[in-house]
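Below are the chains, spelled out letter by letter.
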Amino acid sequence: MVLDSLKNSAKYESLHPAFKKAFEFIKNTDWSQQEPGKIMLDGQDLFVNYAVCKTKTAETAKMETHNAYLDIQVSLEKDEVMGYTPTCDLKQPLDAYNAEKDITFFADKAQNFITVKPGQFAIFWPEDGHQPGIAEGEWKKIIVKVKL
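Asker: Help me understand the layout of surface pockets, please; the structure alone is not making it clear to me.
Answerer: Empty space among the atoms becomes apparent when a probe as large as a water molecule is rolled across them. Put simply, the largest pocket is a space of about 580 Å³. Lining the largest pocket we find 26 residues, and of these Asn 49, Glu 64, His 66, Ile 103 and Ile 143 sit closest to its centre. Looking at the lining of the largest pocket, the elements that each hand over two or more residues are strand 3 (46–56), strand 5 (69–75) and strand 10 (128–147). At 6 residues, the largest contribution of residues to the lining of the largest pocket is made by strand 3.

And the structure:
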């Protein structure tokens, strides 16, 4: 898992061939002019889910993991709390892995919490169980899906 400022994103571009394109898109897009939805950047290898999120608590947000993609998550309008537990410590799957949606949800709760502020990003690999979307009200966020 990585948490850092978008100002420092160039430091992470060597971690995956698609990161440079992903971070450039995040930083150079006028998000106030975008409609929420899916934005394809490189077919199924790199795309953005631009979402409107609504209130979740640490009790209602679900822990999740992905096998085929990693996430770059950016909260655009407010602080968003995200739980973290290493995938190897997750013991309570709610369902079997959904290959079509590349997700497994867990009943386990986070061992740690981070706050992602506007202008920051979090990267979650398959080894990183994460519990996103903990905040009050409504806000917009970006979830970049990067094929491994």
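Asker: Explain the nonpolar core to me, please; I cannot follow it from the model alone.
Answerer: One broad trend across soluble globular proteins is that nonpolar side chains are buried collectively. Formed by 23 residues in total, the largest nonpolar core has its most connected members in Phe 23, Ile 72, Phe 121 and Val 144. Elements with a contribution of two residues or more to this core: helix 1 (19–28), strand 2 (37–42), strand 3, strand 5, strand 9 (120–124) and strand 10. In terms of residues, this core owes the most to one element, helix 1, which gives 5 residues. With near-sequence residues (within four places) excluded, Ile 72 lies in contact with Phe 19, Ala 22, Phe 23, Ile 26, Phe 121, Ala 122, Ile 123, Ile 142, Ile 143, Val 144 and Val 146. By size, the runner-up hydrophobic cluster in this structure holds 5 residues, among which are Met 82, Ile 114, Val 116 and Phe 124.

Reading the values: the criteria
Residues numbered from 1 in each chain as written. Predicted model: local features only at pLDDT ≥ 70, side-chain atom pairs only at ≥ 80, totals over all residues. Heavy atoms only, no water. 1 Å grid on protein atoms, 1.4 Å probe; cavity = no way out; pocket = protein on both sides within 12 Å on 5 of 7 lines; lining within 4 Å. Points joined across faces, edges and corners; volume = space filled by probe spheres on them. Helix = DSSP H or I, 4+ residues; strand = E, 2+ residues; numbered from the N terminus. Core = buried A, V, L, I, M, F, W, Y, C linked by side-chain atoms within 4.5 Å. Buried < 20%, exposed > 50% of the residue type's maximum accessible area, 1.4 Å probe, protein only. Contact = heavy atoms within 4.5 Å.

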